[in-house]
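Report on the structure
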Amino acid sequence: MHPTSLQTMLIVSVFTVVYLIYIARKTAHQKLDVYDFVMLSSLGVIPFLFAVFPGVAAFAAEVTGVVYPFVALFGLLFIFIFVFVHRLTEKVHSLEQDNRMLVQEISLLRQALEQPRGAKSDSD
Amino acid sequence: MDDLRVLLIIPCYNEQDSIGPLLDEIAACGGYATIVIDDGSRDATYQNAVKRSPTVRLLRNLGIGGAVQTGIKYAERMGFDLCVQIDGDGQHPPAEVARLVAAYRASPRSLLIGSRYLLNDSFRSTSSRRMGSQVIARFLRLLYPHFHATDPTSGMRMMDRAAIQFFARHYPADYPEPISLAWALKRGLSVGEVAVKMRAREHGRSSIFGLRSAAYMARVLGYILLARLSRFMPR
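What comes next is a walk through the structure. In this text the structure is predicted, and so the values were computed from the model without any measurement.

Remarks on the overall build of chain B
A tally of regular secondary structure across chain B gives eight helices and seven strands. In chain B, buried positions account for 50% of the 235 residues. Nonlocal contacts in chain B, meaning residues at least 24 apart in sequence, comprise 76% of its contacts between residues at least 6 apart.

Let's talk about the nonpolar core
If you look at the biggest cluster of nonpolar residues, it comprises 67 residues, and the most contacted ones within it are Leu7(B), Leu8(B), Ile9(B), Ile37(B), Ile72(B), Cys83(B) and Val84(B). With sequence-adjacent residues up to four places away left out, Val84(B) is seen in contact with Val6(B), Leu8(B), Ile9(B), Val97(B), Leu100(B) and Met158(B). Phe50(A), Ala51(A), Ala72(A) and Leu73(A) belong to the second largest nonpolar core, which has six residues in total.

With respect to helix H1 (residues 16-29) of chain B
All names here are of chain B. A rise of 1.5 Å per residue sets the reference length of H1, with its 14 residues, at 20 Å; its end C-alpha atoms lie 21 Å apart and thus fit the reference within 8%. Within the span of H1, buried status applies to Ser18, Ile19, Leu22, Leu23 and Ile26. The arc that holds the buried residues of H1, viewed along the axis, is 120°, so those residues lie on one side. Among the exposed residues of H1, those oriented more than 90 degrees off its buried face are Asp24 and Ala28. The inward-facing, buried residues of H1 abut strand E1 (6-12), strand E2 (33-38) and helix H2 (45-50). Immediately beyond the C-terminal end of H1, within one or two residues, lies Gly30, with a positive phi of roughly 80°.

Structural notes on the sheet that holds strand E5 (residues 111-115) of chain B
All names here are of chain B. In space, the seven strands of this open sheet follow the order E3-E2-E1-E4-E6-E5-E7, with mixed pairing throughout. Each of the sheet's edge strands pairs with one partner strand only, and the pair in question is strand E3 (55-57) and strand E7 (191-195). Between one strand and the next, the sheet's axes are offset by a mean angle of 20°, whatever the strand orientation. Here strand E4 (residues 82-85) pairs with strand E6 (residues 157-159) via three bridges, running antiparallel. Residue pairing in the sheet places Gln85 in a bridge with Arg157 of E6. Against the sheet, helix H3 (residues 63-77) engages E1, E2, E3 and E4, with an angle of about 155° to E1. Contacts between helix H4 (residues 97-106) and the sheet are confined to E1, E4, E5, E6 and E7, with E5 contributing the most and set at about 140° to the helix.

Quick look at the interface of chain B and chain A
At the junction of the two partners, chain B supplies 22 residues and chain A supplies 13 residues. Elements represented by at least two residues in the side of chain B that touches chain A include exactly E2, E3 and H3 of chain B. For the side of chain B that touches chain A, the element with the highest residue contribution is H3(B), accounting for five residues. When grouped by side-chain class, the residues that make up the side of chain B that touches chain A number ten nonpolar, seven polar and five charged.

Description of the packing of helix H3 (residues 54-64) of chain A against helix H4 (residues 69-114) of chain A
All names here are of chain A. In the contact formed by H3 and H4, the axes pass within 8 Å of each other and the chain directions differ by 80°. What the angle tells us is that H3 and H4 run roughly perpendicular. Judged by residue contacts, Ala57, Ala58, Ala60, Ala61 and Thr64 of H3 engage Pro69, Ala72, Leu73, Gly75 and Leu76 from H4. Grouping the constituent residues of the contact of H3 with H4 by class yields eight nonpolar, two polar and no charged.

Describing helix H7 (residues 176-187) of chain B
Residue and element names in this part refer to chain B. For H7, spanning twelve residues, the distance from its first C-alpha to its last is 16 Å, which sits close to the expected 16 Å at 1.5 Å a residue. Burial runs high along H7: ten of the twelve residues are buried. Those residues of H7 not exposed but buried are Pro176, Glu177, Pro178, Ile179, Ser180, Leu181, Ala182, Trp183, Ala184 and Leu185. Trailing H7 by a residue or two, Gly188 shows a phi angle of about 90°, which is positive.

Criteria and cut-off values
Residues numbered from 1 in each chain as written. Chains lettered and ligands numbered in written order. Predicted model: local features only at pLDDT ≥ 70, side-chain atom pairs only at ≥ 80, totals over all residues. Helix = DSSP H or I, 4+ residues; strand = E, 2+ residues; numbered from the N terminus. Buried ≥ 20, exposed ≤ 12 C-beta atoms within 10 Å, placed from the backbone. Contact = placed C-beta atoms within 7 Å. Core = buried A, V, L, I, M, F, W, Y, C linked by C-beta atoms within 7 Å. Expected span 1.5 Å × (residues − 1). Arc of directions from axis to C-beta. Pairing = 2+ DSSP bridges. Axes fitted to C-alpha atoms, helices over the stretch in contact; angles between N-to-C directions. Nonpolar A, V, L, I, M, F, W, Y, C, P; charged D, E, K, R; others polar. Parallel < 35°, antiparallel > 145°, perpendicular 65-115°, else oblique.

Printed below as a string of structure tokens:
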């Protein structure tokens, strides 16, 4: 198991800290919710753990049966991204349906207000 | 009409040249209430329609499914007994609505589809589209052996109150004609077909062409299969 270089640890640490602060501020201003914060922060924390504690990477590789620790790193990141994207897809679909319903309701309301019933061909 | 209140739902997108003559033709037939759904047109469709008919102008384009569902919601809220969807491009002669109404009186069904393939003297669309329609019809027959559709993609269809109440709440957004048919069958609504005459499109172009046709078929067949297999149908 090769120790991580100081340069790599520094770069990863700085990225992690800056990114965590950035998304924490976004969450505090309600631009993100707590679930988003947890999922996105994992994308910074996991590489940080693997870089600072190479034993974690080696353990992950051993447990998952892969030869190279970086494969375990990317696999773990992929799982988090997969779950996050799946949730976002569901959310977008739900928002699309809500949006459609709102457009219909507002449009019908506008028609009822602008064109009172009986003004045009509304009789048998 | 005597005791049945019938509403014609006319979804439109950029049909400024067709909508005026169509509404005049409907007025000449007499007796039908109309609601035009302007699906975010960028031309004078709304201006030409609102002079002649109540018109809902959607805030943004929702597609044919969203537009038709808006009309169905209007039908439900205004207490109509029947609603008939006819396209704003002039393909569906308003005079044919009487056939649908007569068929409903003779044998009430929740969903009556106007089929252009039951009459040989009707405009029957291009050969590739007929073939696509036949593939969908056969697939539906495979999943619902008790129902034989000849024109599952027809946009001319009549709904009664049961169908209106269901589709006001649940209507497919994309390419809704065959998928809504599958949902109706899964839901247990009674479905039938009536021979109608149709015309060639006078203005504008179809939204289904080229590679889109293959994508359309894949999506439609997929949705129909999902509807059949799913235990969690919309209630």
